[in-house]
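Next come the chains, spelled out residue by residue.
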Amino acid sequence: MQKLILAGLVTAAAMYGQAISVGAIAGVPFTNLETTTTIGGLAYLPKGPNFTVGPTVQVNLPFHFRVEFDALARPTSFHVSNLIGNTSATEWRFPLIVQYRLGSKAHFFQPFVGVGASFEHLYQIKNAITSGPGSIATNSPGGMLLDGGVDFKLGLCRLSGELRYTRQFNDSILDLSQLNQAEFLLGARF
């Protein structure tokens, strides 16, 4: 117990004076979560809306580094030609990113690059397929991501625009998942 308290105090001391910002992030993916394909004479068609939204937290660290954690929700849906209804779910993605800010804070804008890990979870699954293509292969695949963008400082608010590429290591939806995802995101943090 004493080691835990000591670790907490050391961590708190290291975080003292570091800026923590919270906000929201939203964006548009370049691709659907599922591919359009035909398997065994059945057509699988993506039907989900293309948007991503969620809260974000950033902790500034020394030497132009910062850590970002997001909780991004994205609806997903696909239709199978022999089924009456669509299979749908909400994909929650939890990226943890280490970013490096280029240049100095004195400028109106500041570019950044980042690398991190991403974990995904499907929630509120409706009309799930129980076996074969389109079934839930794994509900929590992990992946890696690359990130780059620009921060704009406007008083107490910081706006950002970024491109993010995520590569999932496993299918979440058997034979239909797009393992490569790219998206454009806009963020506002305070």
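Scroll up for the structure.
Residues numbered from 1 in each chain as written. Predicted model: local features only at pLDDT ≥ 70, side-chain atom pairs only at ≥ 80, totals over all residues. Heavy atoms only, no water.

Draft legend 1. Representation of the side chain of Thr90 in the model. Structurally, the position occupied by Thr90 is in strand E7 (residues 87-101). Owing to a relative accessible area of 18%, Thr90 belongs among the buried residues under this scheme. The contact partners of Thr90, leaving out residues within four places of it in the chain, are Ala73, Arg74, Pro75, His121, Leu122, Tyr123 and Gln124. (Helix = DSSP H or I, 4+ residues; strand = E, 2+ residues; numbered from the N terminus. Buried < 20%, exposed > 50% of the residue type's maximum accessible area, 1.4 Å probe, protein only. Contact = heavy atoms within 4.5 Å.)

Draft legend 2. Looking closely at the nonpolar core. If you look at the biggest cluster of nonpolar residues, it comprises eight residues: Tyr44, Phe78, Val80, Ala89, Leu122, Ile129, Ile173 and Leu176. With residues near it in sequence (within four places) discarded, Leu122 still touches Ala89, Thr90, Glu91, Ile136, Asn139, Ser172 and Ile173. (Core = buried A, V, L, I, M, F, W, Y, C linked by side-chain atoms within 4.5 Å.)

Draft legend 3. Layout of a nonpolar patch on the surface. Taken together, the side chains of Phe63, Phe65, Val98, Tyr100, Leu102 and Val113 make up a nonpolar region of the molecular surface, amounting to roughly 560 Å² of accessible area. A relative accessible area of 35% places Phe65 in the partly exposed class. (Patch = residues over 30% accessible without salt bridge, like charges linked within 9 Å, V, L, I, M, F, W, Y side chains within 5 Å. Areas by Shrake-Rupley, 256 points an atom, 1.4 Å probe, with all protein chains shown as cover. Salt bridge = Lys/Arg side-chain N within 4 Å of Asp/Glu carboxyl O.)

Draft legend 4. Local environment of the side chain of Arg74. Along the chain, the position of Arg74 falls in strand E6 (residues 72-80). No salt bridge is formed by the buried Arg74; the nearest opposite charge belongs to Glu91, separated by 4.7 Å. Here Thr31 takes part through its backbone oxygen, which lies 2.5 Å from a polar atom of the side chain of Arg74. For Arg74, the contacting residues outside a window of four places in its chain are Pro29, Thr31, Asn32, Leu33, Asn50, Phe51, Thr52, Ala89, Thr90, Glu91 and Gln181. (Lys, Arg positive; Asp, Glu negative; His and termini not counted. Polar contact = N/O pair within 3.5 Å; in protein donor to acceptor, adjacent residues only side chain to side chain.)

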